[in-house]
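Descriptive analysis of the structure
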Amino acid sequence: MRADALRNRESVLAAAGRLFDAAADPDQVSMDDIATAAGVGKGTLFRRFGDRIGLIRALYEQRGLRLQESLAVSPTRPAAEQAVELLRAMLRFKLDNRVLTLALESAGGGSPYRNEAYDHWHALLAVLVAEARGPQSADYLAHALLAAVRSDLVEHLRDWPEARWHAGLDALVGSVLGDDGLAARERISRSRLAG
């Protein structure tokens, strides 16, 4: 990509990010608004991103990449502990990017199941589930765990305090991953009390 095209792309994503962060609802952010805020023509947006969903997906993946880089599976830590950490991080990401994630996950072709970030998180959770329970049903259970942090559920329960969310995620992981999950919850609770 040429330097000027890269600058335009970054400018558009930064402008779109500011607009989504300031909006109360995904429908409040139009391609016209983004083009104006970025100082480019609307045609540039469509050439670069294809459509609104393409732009939303690019912004989501840009922001999600930072999260992906911060979390990786470690063979030396209990699977349930890592699964809880991953789901909590995803919850925080979705709370911090509420309107953006709603825009992506609620738009037909923008399904959360059709993006690289979802595939990445699913693969990590499937490895953790398989480690704790064996490979049978790991694929399905990883999808089920990810459903606990879908943006529409996060939106529905957005007034919950984070501690209540954490307790629910701890219980879910504990029930899916068995005794390993219970031990992880106890360690996490002890570390919270000590810290």
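Please refer to the structure placed before this passage.
First, a word on what this report is: a plain description of the structure on this page. (Residues numbered from 1 in each chain as written. Predicted model: local features only at pLDDT ≥ 70, side-chain atom pairs only at ≥ 80, totals over all residues. Heavy atoms only, no water.)

1. A word on helix α6 (residues 98-106)
With eight of nine residues buried, α6 is to be regarded as a mostly interior element. Within α6, burial applies to Arg 98, Val 99, Leu 100, Thr 101, Leu 102, Ala 103, Leu 104 and Glu 105. (Buried < 20%, exposed > 50% of the residue type's maximum accessible area, 1.4 Å probe, protein only. Helix = DSSP H or I, 4+ residues; strand = E, 2+ residues; numbered from the N terminus.)

2. A word on the side chain of Lys 94
Following the sequence through the fold, Lys 94 ends up in helix α5 (residues 79-96). Non-local contacts of Lys 94, meaning those with residues more than four positions away in its chain, are made with Tyr 60, Thr 101, Glu 105, Val 149, Arg 150, Ser 151 and Val 154. (Contact = heavy atoms within 4.5 Å.)

3. A closer look at the packing of α5 against helix α10 (residues 162-177)
Between α5 and α10, whose axes approach to 10 Å, the crossing angle comes to 145 degrees. Once α5 is placed against α10, the crossing between them reads as right-handed. Together, Ala 79, Ala 80, Ala 83, Val 84, Leu 87, Arg 88, Leu 91, Arg 92 and Leu 95 of α5 and Glu 162, Trp 165, His 166, Leu 169, Asp 170, Val 173 and Leu 177 of α10 make up the contact between the two elements. (Axes fitted to C-alpha atoms, helices over the stretch in contact; angles between N-to-C directions. Left-handed = near helix turned anticlockwise from the far one by under 90°.)

4. Focus: unusual backbone geometry
Even without being a glycine, Ser 137 presents a positive backbone phi close to 70 degrees. If you trace the backbone, Ser 137 turns up in the loop between α7 (116-133) and α8 (138-147).

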